Amino acid sequence: MKVFHLMSGAPSGGVERQAERLAGVLARSGVHQCAMFARDEGRARRFEALGVMPVEMTFPSRFTFFDRRSINAAIRRFAPDIVISWTPDVAVLVEKDNFVHLGRLGIAFDHEALLSKCQHIFTPAQSRADAVMVAGWSVQQVHVLPHLPMMPEELAIKPINRKSVYTPHTANLILTSMRLTQKAGLETLLDALVRISGYYLWIAGAGSDREILEAAAHKRGVKPRVRFLGWQDQMAPYLAAC
């Protein structure tokens, strides 16, 4: 089997890291893979280390026509059985051919952009899957793929010193990673933190709504127990500290 991964690819982000982890799992199962993404030397090295052929592109270019041509030319050269579009901005540029096109449904819930291009979609949350089926997708087309856990080699890492993030060594910890947008549902976790004492919340991730979410923590009176860690390439030291 041959799988072609396609993403626009921000320098940091959970979607991109999940793509790398899935590629690693498939590589260990002997699946031949190629990954095409916006230029990123670090990501290219990580895919190469997994045995996945990286193809870097300039995206977006000045003209959508050039993007569509380069993407579909790369797909034809690789001749995959499955194309996985990790972001909708590239999914809409894929031309139908002799492969199964699988698109990822994210927080933005942009399923209409995927409808005309993808035979199947996947999402990490059952709630999103239920909502998209209500919107008209069939149960055979919608799949739930939870975020993949860290690999054993990622976990064999020394825990971060809690003092470096101003957290008592006796405190109970809650750790989450997410894109910092209001659609991610962080307010629900902050509401839960109000109800429990002795717990600190570590939030790893970046996003446009960070200031709004920090204000939400302050409004609920839990800001002293919340730590916004920013984007973290390595989550294992933080998980080990829990």
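Here, every reference points to the structure presented above.
The model shown is predicted, which means the values in this text are computed figures rather than measured ones. Counting of residues starts from 1 at the beginning of each chain's written sequence and follows it residue by residue. Note on the predicted model: pLDDT of at least 70 is required for a residue's local features to be given, and 80 or more for side-chain atom pairs to be given and counted; whole-chain, interface and lining totals, by contrast, use all residues. By convention in this description, side-chain values take in all heavy atoms of the structure and omit both hydrogens and water.

A.B. asks: I would appreciate a short explanation of helix α1 (residues 14-28) in the present structure.
C.D. replies: An α-helical turn contains 3.6 residues, so any two residues separated by three or four positions project in the same direction. Per the convention used, a helix needs a DSSP run of H or I reaching at least four residues, while a strand needs a run of E reaching at least two, with both numbered from the N terminus. Expected helix span is given by 1.5 Å per residue-to-residue step, counting one fewer step than there are residues. In a regular helix each residue adds 1.5 Å, so 15 residues correspond to 21 Å; α1 covers 21 Å between its end C-alpha atoms and thus fits that length. Whether a residue is buried, partly exposed or exposed follows from its accessible area with a 1.4 Å probe, protein chains only, as a fraction of its type maximum: under 20%, in between, or over 50%, in that order. Residues V15, E16, R17, Q18, A19, E20, R21, L22, A23 and G24 constitute the buried set of α1. Looking one or two residues past α1, G30 carries a phi angle of roughly 85°, positive in sign.

A.B. asks: Sorry, what's going on with the packing of α1 against helix α2 (residues 41-50) here?
C.D. replies: Each pair of packed helices can be summarised by the angle the axes make with each other and by the distance between the axes. Only the stretch in contact is used when a helix axis is fitted, and all axes are lines through C-alpha atoms; the angle between N-to-C directions ranges over 0 to 180 degrees. Packing of α1 against α2 leaves a shortest axis separation of 9 Å and a crossing angle of 15°. Here α2 runs roughly parallel to α1, going by the angle between their axes. Here α1 runs over α2; the crossing is right-handed. Taking contact as the criterion, the partners of E16, R17, A19, E20, A23, G24 and A27 in α1 are, on α2, R43, R46, F47 and L50. Gly is put with the polar residues, along with every residue not named as nonpolar or charged; the nonpolar set is Ala, Val, Leu, Ile, Met, Phe, Trp, Tyr, Cys and Pro, and the charged set is Asp, Glu, Lys and Arg. The residue inventory of the contact of α1 with α2, partitioned by class, reads five nonpolar, one polar and five charged. In these notes the angle categories are as follows: under 35 degrees is roughly parallel, over 145 is roughly antiparallel, 65 to 115 is roughly perpendicular, and the rest is oblique. Take the far helix as the reference: if the near one is turned anticlockwise from it by less than a right angle, the crossing is left-handed, and if turned clockwise, right-handed. Residue contacts are defined here by distance: any two heavy atoms, one from each residue, within 4.5 Å place the two residues in contact.

A.B. asks: Can you walk me through the environment of A135 in this structure?
C.D. replies: Note on placement: A135 falls in the loop between α6 (126-134) and β7 (142-144). A relative accessible area of 44% places A135 in the partly exposed class. Between the C-alpha atom of A135 and that of V3, which follows or precedes it by 132 residues, the distance is 28 Å.

A.B. asks: Help me understand the state of the cysteines, please; the structure alone is not making it clear to me.
C.D. replies: Cysteine pairs can be covalently joined through their sulfur atoms, and such a bond is termed a disulfide. Two cysteine sulfurs form what is called a disulfide whenever their separation falls within 2.5 Å. Taken as a whole and assessed by the stated rule, the structure comprises zero disulfides. You can see C118 has no disulfide; the closest cysteine sulfur is in C34, sitting 18 Å from it. Taking relative accessible area as the criterion, C118 reaches 5% and is therefore assigned buried.

A.B. asks: Looking at this model, I keep getting lost on the sheet that holds strand β10 (residues 226-230). Mind explaining?
C.D. replies: Where strands meet in a sheet, backbone hydrogen bonds hold them as pairs that are either parallel or antiparallel. Sheet architecture is open: three strands sit in the order β8-β9-β10, paired in parallel fashion. On the outer flanks of this sheet lie β8 (172-177) and β10, each paired with one strand and no other. Averaged over all pairs of adjacent strands, the angle between their axes in this sheet comes to 20°, without regard to strand direction. We call two strands paired when DSSP finds no fewer than two bridges between them. In this structure, strand β9 (residues 199-204) lies alongside β10, joined through four bridges in parallel fashion. Among the inter-strand pairings, I203 is bridged to a residue of β10, identified as F228. Strand contacts of helix α8 (residues 186-195): β8, β9 and β10, with the helix running at about 165° to β9, the strand carrying the most contacts.

A.B. asks: Help me out: how do you make sense of unusual backbone geometry in this one?
C.D. replies: Phi is mostly negative for residues that are not glycine, and the peptide bonds are mostly trans. Put simply, F59 and P60 share a cis peptide bond, and its omega is -5°. Along the chain, P60 turns up in the loop between β3 (53-57) and α3 (64-78). Phi is positive for A79, which is not a glycine, with a value near 55°. Within the secondary structure, A79 sits in the loop between α3 and β4 (82-85). Even without glycine at this site, Y166 takes up a positive phi of about 55°. Along the chain, Y166 turns up in the loop between α7 (152-155) and β8. Judged by relative accessible area, Y166 falls into the exposed class, the value being 66%.

A.B. asks: What am I meant to see in the pattern of salt bridges here?
C.D. replies: Once their charged atoms are close, side chains differing in charge can pair, the charge on each being opposite to the other. Salt bridges are counted wherever a side-chain nitrogen of Lys or Arg sits within 4 Å of a carboxyl oxygen of Asp or Glu. For the coordinates displayed, the defined rule picks out seven salt bridges. Where E20 meets R43, a salt bridge forms, and the shortest distance between an N and an O atom there is 3.1 Å. One end of the pair, E20, is in helix α1; the other, R43, is in helix α2, with 23 residues separating them in the sequence. For E20, a relative accessible area of 6% corresponds to the buried category. Relative accessible area serves as the criterion here: at 2%, R43 is assigned to the buried category.

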